[in-house]
Each structure stands twice: as structure tokens, then as C-alpha cells.
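Residue-level structural notes
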Amino acid sequence: VLQALVDEAASDEELNALGAGPLEDLLCHHGHAESFVDEIERRARQQARFRTVLGSVWLDHSVPETARKRLELLGAIELGTPPGRKPRKARRTR
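Residues numbered from 1 in each chain as written. Predicted model: local features only at pLDDT ≥ 70, side-chain atom pairs only at ≥ 80, totals over all residues. Heavy atoms only, no water.

Each helix and strand counted, the protein chain has five helices and two strands in total. Starting at the N terminus, the α and β elements of the protein chain follow one another as α-α-α-α-β-α-β. Taken across its 94 residues, the protein chain has 35% of its residues classed as buried. Here the analysis covers contacts within the protein chain between residues at least 6 apart in sequence; of these, 51% occur between residues at least 24 apart. Carbon and sulfur atoms make up 51% of the accessible area of the protein chain, which amounts to about 6,400 Å² in all. (Helix = DSSP H or I, 4+ residues; strand = E, 2+ residues; numbered from the N terminus. Buried < 20%, exposed > 50% of the residue type's maximum accessible area, 1.4 Å probe, protein only. Contact = heavy atoms within 4.5 Å. Areas by Shrake-Rupley, 256 points an atom, 1.4 Å probe, with all protein chains shown as cover.)

Our next topic: the pattern of salt bridges. Enumeration over the complete set of coordinates arrives at seven salt bridges. The salt bridge partner of R70 is D38, with a shortest N-O separation of 2.6 Å. Taken as a pair, R70 in helix α5 (residues 65-73) and D38 in helix α3 (residues 33-46) lie far apart in primary sequence, 32 residues in all. Through salt bridges that share partners, D38, E41, R45 and R70 make up one connected network. (Salt bridge = Lys/Arg side-chain N within 4 Å of Asp/Glu carboxyl O.)

Right, let's get into helix α2 (residues 12-29). Counted at 1.5 Å a residue, the expected span for α2 with its 18 residues is 26 Å, and the 24 Å between its end C-alpha atoms agrees. Along α2, the sharpest kink reaches roughly 40°, centred on L23. Packing partners of the buried residues in α2 comprise α1 (2-8), α3, α4 (48-54), β1 (58-59) and α5. The first or second residue beyond α2 is G31, which carries a positive phi of 70°. (Expected span 1.5 Å × (residues − 1). Bend = angle between axes of the 7 residues up to and from the residue.)

Turning to the nonpolar core, a few remarks are in order. Ranked by size, the top nonpolar core spans 22 residues in total, and within it L23, L27, L54, L59 and L71 carry the most contacts. Listing elements by their share of this core, those giving two or more residues are α1, α2, α3, α4 and α5. Among the elements that line this core, the one with the most residues is α2, at five residues. Apart from the residues lying within four places of it in its own chain, the contact partners of L71 are L27, V37, I40, L54, L59 and A76. (Core = buried A, V, L, I, M, F, W, Y, C linked by side-chain atoms within 4.5 Å.)

Take the packing of α2 against α3 next. In a packed pair of helices, the relevant descriptors are the angle between the two axes and the axis-to-axis distance. For the pair α2 and α3, interaxial distance at closest approach is 8 Å and the crossing angle is 135°. The orientation of α2 with respect to α3, classified from their angle, is oblique. Residues L23, L26 and L27 of α2 form the contact with α3, whose own contacting residues are A33, F36 and I40. Considered class by class, the residues forming the contact of α2 with α3 number six nonpolar, no polar and no charged. (Axes fitted to C-alpha atoms, helices over the stretch in contact; angles between N-to-C directions. Parallel < 35°, antiparallel > 145°, perpendicular 65-115°, else oblique. Nonpolar A, V, L, I, M, F, W, Y, C, P; charged D, E, K, R; others polar.)

The structure is reproduced here in C-alpha cells:
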């Protein structure tokens, strides 16, 4: 369903709304990030429009770290990252 909405979106504003709305809800509020990360990652690598959608997703700590890091590499934003700034890279522990 989300792909159909992406395909029909008439503007970047509509694409951004899909990221900040349905996709973010699916990933953060319903605990499905690990179930869908492979498919989201595949679509984002293949479609600039899907990357635009992903760029409006704010990921919180309810998203497992492995899925969060994969999605951040494709444009999703870790909650708490200031606008216009990329998320900080994780520090290595000794």
C-alpha cells in the first residue's frame, strides 16, 4: 500500500508526509522495523522517491539498533538529531 502512495504522490511535500506519517508509524509505533527493514532498504536503494520518503522518518529507540542504523544510512533520521545535521556515528568502546 505504501508503494502505491509513493507512486501517486504529486510532490515532495506529499512524499515527506508519507515518511513522517505511515512509514514512521509502521517502524516506530508498531514494532515492525525488523520485519520490514530489508524491503524498505531495497526500495530506497532502487527509488529516489522512496529515499525522499525515508528522509522524513524519525527513528526513536523503539526501533532496534541494527534496523535503525541500516535505515539511517539511507536517509532516516535518529530522533534527537538537529535538522540539517547528520546523526553522530556510534562511538567505539574499548
